[in-house]
Amino acid sequence: MGFRKKNKSPPVLSHEFVIQNHADMVSCVAMVVLLGLMFEVTAKFAIMFITVQYNVTQSPDTDAEDKPEPVNLYKYGPKDIATVFFYLLIAIILHALIQEYVLDKINRRLHLSKTKHSKFNESGQLASFYLFSFVWGVSILTNEEFVTNPTFLWEGYPHIHMAFQVKFFYICQIAYWFHALPELYFQKVRKEDIPRQLYYICLYIFHITGAYVLNLHRLGLVLLVPHYLVELLFHASRLFYFSDENKQKGFTLWALLFVITRLLTLTVSVLTFGFGLSRTDNQGFSLADGNFNVLTVRMTCLSAICLTQAWMMWKFINFQLKKWREQSQIQASKKKTVSPKSRPSKKDSRGGSVNGVMKPDDKTSPRARKSKAS
């Protein structure tokens with residue numbers, strides 16, 4: 001991990017060397033891009049990596065004397081790949097900073113096992129990202145008024161123009177999930193955990209990039225925000241669980257919101273693809289105009305969303321069943337460990353003898369009873 005003080009330096013360019021110093025290497029690459037802004041020859045190339053491209057200025061069509069200022073909107077294009085690459089580097093650097101100065105310090109105090117240590121790091125990184133993305137997404141939805149007018153999801157399609165915040169949000173989202181792929185190597189993720197993480201990373205890349213390219217960024221944003229809220233609650237609950245295993249109330253709330261979010265996602269998707277886009281006037285397929293409003297594309301998108309939601313529900317049900325079985329086994333083991341009623345002592349079974357020695361029933365000794373009888 002970068003930014004760490006190591007006692008022993010591994011061989012240069014070895015796997016261990018790259019893993020320990022990857023954040024420093026990535027910082028150097030990002031610094032080279034920033035230094036390109038200082039020179040006129042390289043500035044036009046460097047700015048392509050740093051700033052959002054494809055600016056379009058629109059003037060509102062109004063006849064009033066006091067015309068409002070022109071609005072700056074953005075489209076997508078091939079140059080966005082360079083922007084995504086630069087912010088991918090920034091995501092790797094921020095990942096290393098959070099790991100080094102936050103998560104590692106907490107791990108030293110908790111003394112977790114290797115399995116819990118890996119899951120704690122994963123939840124810590126994802127919780128930070130989900131919290132940031134959720135707050136950012138809510139602010140965009142509030143400013144763009146996507147929630148107050150549901151027909152805004154399909155009216156005027158294709159939505160080729162985006163506000164700066166919307167486009168930058170998607171650039172950062174795509175960059176973050178692409179950065180998660182090399183992090184599997186940098187973080188030394190266990191082999192048994194790699195397939196599980198690859199599944200959700202690829203699903204995020206597929207859905208977010210698809211919404212961006214198909215000009216469905218409004219629908220994508222509306223679906224991402226509640227989903228990120230649910231994922232934030234899950235990983236926050238897991239962090240609290242690792243600190244204290246008695247803190248499990250967050251999982252109950254997460255389970256409830258998870259099911260509600262899946263139903264909300266299916267409802268909004270069916271409403272948009274099945275009723276909204278199918279009834280708009282602008283039907284057709286045109287790459288130049290960014291119009292993908294044809295039956296094949298709509299059914300493909302709706303099928304992809306439905307299959308993803310079904311897969312997530314299947315994983316959720318299996319998780320709940322596994323958790324229920326573990327709790328039932330724990331309760332059964334507790335019942336077995338409870339000691340049965342104590343058996344009668346040898347004193348009771350042998351008529352007042354303890355360890356083979358006869359003991360009187362009363363407090364008088366045998367010698368005293370003999371003297372009384374005489």
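Every value quoted in this text rests on a predicted model; they were computed, and no experiment measured them.

### Considerations on the overall build of the protein chain
A count of helical and extended segments in the protein chain gives 11 helices and six strands. Within the protein chain, buried positions represent 38% of all 374 residues. The contacts of the protein chain with a sequence gap of at least 6 include a subset with a gap of at least 24, amounting to 68%. When the accessible area of the protein chain is evaluated, it comes to approximately 23,400 Å², of which 64% is carbon and sulfur surface.

### Quick notes on the packing of helix α5 (residues 164–186) against helix α7 (residues 217–243)
In the contact formed by α5 and α7, the axes pass within 12 Å of each other and the chain directions differ by 60 degrees. Here α7 runs oblique to α5, going by the angle between their axes. When you trace α5 past α7, the crossing you get is left-handed. Judged by residue contacts, V166, F169, Y170, Q173 and W177 of α5 engage H217, G220, L221, L224 and Y228 from α7.

### Side note on the pattern of salt bridges
The final tally for this structure, using the stated rule, is six salt bridges. Of the charged contacts, one joins R190 and D193 as a salt bridge, the two residues approaching to 3.1 Å between their closest N and O atoms. Judged by its relative accessible area of 27%, R190 falls in the partly exposed class.

### Considering a nonpolar patch on the surface
Residues M31, L34, L35, L37, M38, F39 and I47 make up a contiguous nonpolar surface patch of roughly 680 Å² in combined accessible area. Broken down by element, the nonpolar patch gets its largest block of residues, three residues, from helix α1 (residues 15–35). Looking at the secondary structure, you find L34 in helix α1.

### Overview of the packing of aromatic side chains
Evaluated as defined, the whole model comprises 34 aromatic pairs. Aromatic side chains F86 and Y87 sit 5.3 Å apart centroid to centroid with 85 degrees between the ring planes, which places their arrangement in the edge-to-face category. Here F86 falls in the buried class, since its relative accessible area comes to 4%. For Y87, a relative accessible area of 18% translates into the label buried. On the basis of an interplanar angle of 80 degrees and a centroid distance of 6.3 Å, the ring pair of Y199 and W311 is categorised as edge-to-face. With Y199 in helix α6 (residues 194–213) and W311 in helix α9 (residues 295–337), this pair connects stretches of sequence that are 112 residues apart. Above the face of the F258 ring, R262 is positioned so that its terminal group lies 4.7 Å from the ring centre.

### As for the side chain of Q99
Tracing the chain through its elements places Q99 in helix α3 (residues 80–110). Take Q99: its relative accessible area is 2%, and that puts it in the buried class. A polar atom in the side chain of Q99 sits 3.3 Å from the side chain of Q125.

### Here's the deal with the confidence of the model for the protein chain
When pLDDT is averaged along the protein chain, the result is 85; 85% of the residues meet or exceed 70. Here helix α11 (residues 366–373) stands out as the least confident element of the protein chain, with mean pLDDT 47; α5 is the most confident, with 96. Within the model, the stretch residues 368–374 combines pLDDT values under 50 with four contacts to residues more than four positions away or in other chains.

### A short note on the nonpolar core
Ranked by size, the top nonpolar core spans 63 residues in total, and within it Y130, Y170, W177, I208, L216, Y228 and F273 carry the most contacts. Only α1, α3, α4 (114–144), α5, α6, α7, α8 (249–276) and α9 provide two or more residues apiece to this core. In terms of residue count, α5 provides more of this core than any other element does, 12 residues in total. In contact with Y170, not counting residues within four places along its chain, are I208, A211, Y212, L216, H217, G220 and L221.

### Looking at unusual backbone geometry
Between Y157 and P158 the backbone carries a cis peptide bond, its omega angle lying at 10 degrees. Phi is positive for H111, which is not a glycine, with a value near 55 degrees. Examined against the element boundaries, H111 turns out to sit in the loop between α3 and α4. H111 sits in the exposed class, given a relative accessible area of 68%. Notably, K188 is not glycine yet its phi reads approximately 55 degrees, a positive angle. For K188, the position within the fold is in the loop between α5 and α6.

Rules behind the numbers
- Residues numbered from 1 in each chain as written.
- Predicted model: local features only at pLDDT ≥ 70, side-chain atom pairs only at ≥ 80, totals over all residues.
- Heavy atoms only, no water.
- Helix = DSSP H or I, 4+ residues; strand = E, 2+ residues; numbered from the N terminus.
- Buried < 20%, exposed > 50% of the residue type's maximum accessible area, 1.4 Å probe, protein only.
- Contact = heavy atoms within 4.5 Å.
- Areas by Shrake-Rupley, 256 points an atom, 1.4 Å probe, with all protein chains shown as cover.
- Axes fitted to C-alpha atoms, helices over the stretch in contact; angles between N-to-C directions.
- Parallel < 35°, antiparallel > 145°, perpendicular 65-115°, else oblique.
- Left-handed = near helix turned anticlockwise from the far one by under 90°.
- Salt bridge = Lys/Arg side-chain N within 4 Å of Asp/Glu carboxyl O.
- Patch = residues over 30% accessible without salt bridge, like charges linked within 9 Å, V, L, I, M, F, W, Y side chains within 5 Å.
- Phe/Tyr/Trp six-rings, centres within 6.5 Å; stacked < 30°, edge-to-face > 60°.
- Lys NZ or Arg CZ within 6 Å of the ring centre and 35° of its normal.
- Polar contact = N/O pair within 3.5 Å; in protein donor to acceptor, adjacent residues only side chain to side chain.
- pLDDT = per-residue confidence, 0-100.
- Core = buried A, V, L, I, M, F, W, Y, C linked by side-chain atoms within 4.5 Å.

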